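Listed below are the residues making up each chain.
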Amino acid sequence: MAAEDTQVAVAAPEEDLSQENLTGASCGKGPDAVSGCPGATPCGEGADTEAGGTPGVGASEAAAASGVAGTAGTDGGVSVGAPDASGAGEAAGEGRGAVEARQAEPTPEERELAENNALADVFDDVRRQSSDSQLVVPSRWVELGLVPGHMTSDEFEMLVYEHLEDYRRDHKDEIAAEKAERARKASSIRSATRAVGVPPKIPNRRLKQIEEDEKAAAKKAAREASEAGTAASASGADETTASAGESAAPDAAITLGGAVDAAAPSGVLASSEVAAESASSVRAEAMDVFAPHASEAASAAPAEPSKDGAASGDDPFADLKLPEGYKLVELEGEYVLVPDEDAAPVKKEIHCEHIVTLVGQHSYYLYDSDLMTKSYAHWAFLAAEDNPLATFVDCVREDGRVYPRPFAAEDLANPPFHMSKSKVEDTWAELQKSGEYPDIERCEASNGDVYFFSTLYMDRTFAESLAEYRSVERLSNV
């Protein structure tokens, strides 16, 4: 073939080299007069070669020359290289991975179940942390692995917040009634409004009434006991007379019949049967109260023991109702309740009735109002926000408004603040320098204890009186 004919197979740079446009050149060989690739059967479908006529050799050559582009052809022509086989393998692997990902993607029902159980676990953890006087932040859920696999941490954080908002909206009447009841109870507690002194002794009228009731009950019991003793002595005399008459009957039987009747008198037998029946009924009632299934087990036929000592009848735990998702496993001779990995997922109940959120500058915090007071949660929130000045002012004003009383500097060393004396003094100096809180003032007791108070709720005389009582007078009266 002439050189100019060979050049026809050379692809120009601007020529389309897509898979659809590659014909005979796709085998990696330049077309020649012998093979006749342009007019032959497509590669890999029985195309024969000059050497041996083996079917599919063109395909094997393409595989052998994978990744090699621009292989030298006849008369120095350059043919188009075959596609890289490794690239094709990677593409196939990516396709399989996509299929597996689609197969592993949870269904809408599985998503809903996972989100429901995750919410239940989150609120259970909030209750546990509240009982330990700790607030919960959303970053904790990632550490505990509570975020569902199909959600990001931010998506789950918004899901928790939206669930709580929806619950408050749907139960706003119940929440309002509960708040009103708590406010009513709090209003019945009186606080001091003047300088404190030692109050007079108040007689405990309730205790006196209890003592009088106990004395009256003791007199009544003694009277009933004496009456019962008189009746018992009278009945004892009657029984003595009756027993004397009954004892003659066996003697008569011996004299007339010549044999002794071993049976007890009919009156005695009847009384013993009544006592036995009464005792058995008492035992049966006790068994029904303390072991509801004991009477049923006693009435059933006893199971024959097997060789290993276990009952060969029904399962001894047949009447035991196990919690969903758990099973009994025998470990070292004892049965232990463990999670059942083969059990179907169980939908947990969500309890968020008393979960409260506190929104801060960078995050929000959760706690259970039944396990942590509102005041302590507020203090923990201020400590978590790490703003010592705002914490200092808020604590001083709150003590003056609620009780009222001055705020002791040493109280800032307690949880959740953990502020040292130097930190308190630095905060006080910063507060004075800012000039934004002119109502906050300082006073000291005679022993040197430092207090802070707000002039919005008390004057200096009242604050100093309360400070002196707490630090000096109260301790001397103990």
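Since we're looking at a predicted model, the values are computed, not measured.

We now examine the overall build of the chain. When helices and strands are counted, the chain shows 14 helices and seven strands. For the chain, with 478 residues in total, the buried portion stands at 20%. Considering only contacts within the chain whose residues lie at least 6 apart along the sequence, 53% involve residues at least 24 apart. Accessible area of the chain: about 32,800 Å², with a carbon and sulfur share of 54%.

Moving on to the sheet that holds strand E7 (residues 450–454). A sheet is described by the order of its strands in space; here three strands give the open sequence E5-E7-E6, paired in antiparallel fashion. Among the strands making up the open sheet, the edge pair consists of strand E5 (407–408) and strand E6 (440–444). Relative to E7, E5 runs antiparallel, the two sharing two bridges. Among the inter-strand pairings, Phe-407 is bridged to a residue of E7, identified as Phe-452. Against the sheet, helix H13 (residues 421–434) makes contact with E6 and E7, and its axis sits at roughly 135 degrees relative to E6, the strand it touches most.

Before going further, it helps to spend a moment on the pattern of salt bridges. Under the criterion given, the structure shown has 19 salt bridges. Arg-111 is paired through a salt bridge with Glu-105; the nearest N and O atoms lie 3.6 Å apart. For Arg-111, a relative accessible area of 29% gives the class partly exposed. Close ionic contact of Glu-464 with Arg-460 constitutes a salt bridge, the shortest N to O distance being 3.5 Å. Residue Glu-464 and its partner Arg-460 are both found in helix H14 (residues 460–476); the two are separated by four residues, about one turn of the helix. Assessed through its relative accessible area of 35%, Arg-460 is described here as partly exposed. Connected through shared salt-bridge partners, Asp-125, Arg-128 and Arg-140 make up one network.

Let's shift gears to the layout of surface pockets. Estimated volume of the largest pocket: approximately 990 Å³. Forming the walls of the largest pocket are 28 residues, and the residues nearest its centre are Lys-179, Arg-182, Tyr-367, Ser-369 and Lys-374. Elements with a contribution of two residues or more to the lining of the largest pocket: helix H6 (153–170), helix H7 (172–187), strand E3 (355–359), helix H11 (374–385) and helix H12 (388–402). Looking at the lining of the largest pocket, its residues break down into 14 nonpolar, five polar and nine charged.

Pairing geometry for strand E1 (residues 326–331) and strand E2 (residues 334–339), over six bridges, is antiparallel. From the neighbouring strand, Val-329 faces E2, where its bridge partner is Val-336. Taken together, E1 and the strand that follows it, E2, pair antiparallel across an intervening segment of two residues, in which Glu-332 is found at a positive phi of about 55 degrees.

The terminal C-alpha atoms of H14 lie 23 Å apart, and with 17 residues this matches the ideal 24 Å at 1.5 Å per residue to within 8%. Within H14, the axis deviates most sharply at Tyr-469, by approximately 50 degrees. If you check which residues of H14 are buried, you get Phe-462, Ala-463, Leu-466, Ala-467 and Ser-471. Tucked inside the fold, the buried residues of H14 contact E6 and E7.

Cis geometry is found at the peptide bond from Tyr-403 to Pro-404, where omega equals -15 degrees. Position of Pro-404 relative to the elements: it lies in the loop between H12 and E5. Here the bond from Pro-415 into Pro-416 is cis, since omega is 5 degrees, no more than 30 degrees from zero. Relative to the assigned elements, Pro-416 resides in the loop between E5 and H13. Of note in the backbone geometry, Glu-332 takes a positive phi value of approximately 55 degrees without being a glycine. Mapped onto the elements, Glu-332 comes out in the loop between E1 and E2. Classification of Glu-332 as exposed rests on a relative accessible area of 84%. Its identity is not glycine, yet Asp-386 carries a phi of approximately 55 degrees, on the positive side.

For helix H4 (residues 108–131), spanning 24 residues, the distance from its first C-alpha to its last is 35 Å, which sits close to the expected 34 Å at 1.5 Å a residue. Within H4 the residues assigned to the buried category are Asn-116, Asn-117, Ala-118, Leu-119, Ala-120, Val-122, Phe-123, Asp-125, Val-126, Arg-127, Gln-129 and Ser-130. Next to the buried residues of H4 lie helix H5 (139–143), H6, E3 and strand E4 (364–368). Just past H4, the residue Ser-133 takes up positive phi, approximately 65 degrees.

So, about the packing of aromatic side chains. Per the stated rule, a full pass over the model turns up eight aromatic pairs. Aromatic pair Trp-141 and Phe-156: ring centres 5.8 Å apart, planes at 80 degrees, arrangement edge-to-face. One end of the pair, Trp-141, is in helix H5; the other, Phe-156, is in helix H6, and 15 residues separate them in sequence. Classification of Trp-141 as buried rests on a relative accessible area of 1%. Taking 4.7 Å as the distance between ring centres and 75 degrees as the angle between the ring planes, the aromatic pair formed by Phe-392 and Phe-452 counts as edge-to-face. Of the two residues, Phe-392 is situated in helix H12 and Phe-452 in strand E7; the sequence distance between them amounts to 60 residues. Here a set of aromatic residues connected by ring pairs shows up, and it is made of Tyr-376, Trp-379 and Phe-417.

Analysis parameters
- Residues numbered from 1 in each chain as written.
- Predicted model: local features only at pLDDT ≥ 70, side-chain atom pairs only at ≥ 80, totals over all residues.
- Heavy atoms only, no water.
- Helix = DSSP H or I, 4+ residues; strand = E, 2+ residues; numbered from the N terminus.
- Buried < 20%, exposed > 50% of the residue type's maximum accessible area, 1.4 Å probe, protein only.
- Contact = heavy atoms within 4.5 Å.
- Areas by Shrake-Rupley, 256 points an atom, 1.4 Å probe, with all protein chains shown as cover.
- Pairing = 2+ DSSP bridges.
- Axes fitted to C-alpha atoms, helices over the stretch in contact; angles between N-to-C directions.
- Salt bridge = Lys/Arg side-chain N within 4 Å of Asp/Glu carboxyl O.
- 1 Å grid on protein atoms, 1.4 Å probe; cavity = no way out; pocket = protein on both sides within 12 Å on 5 of 7 lines; lining within 4 Å.
- Points joined across faces, edges and corners; volume = space filled by probe spheres on them.
- Nonpolar A, V, L, I, M, F, W, Y, C, P; charged D, E, K, R; others polar.
- Expected span 1.5 Å × (residues − 1).
- Bend = angle between axes of the 7 residues up to and from the residue.
- Phe/Tyr/Trp six-rings, centres within 6.5 Å; stacked < 30°, edge-to-face > 60°.

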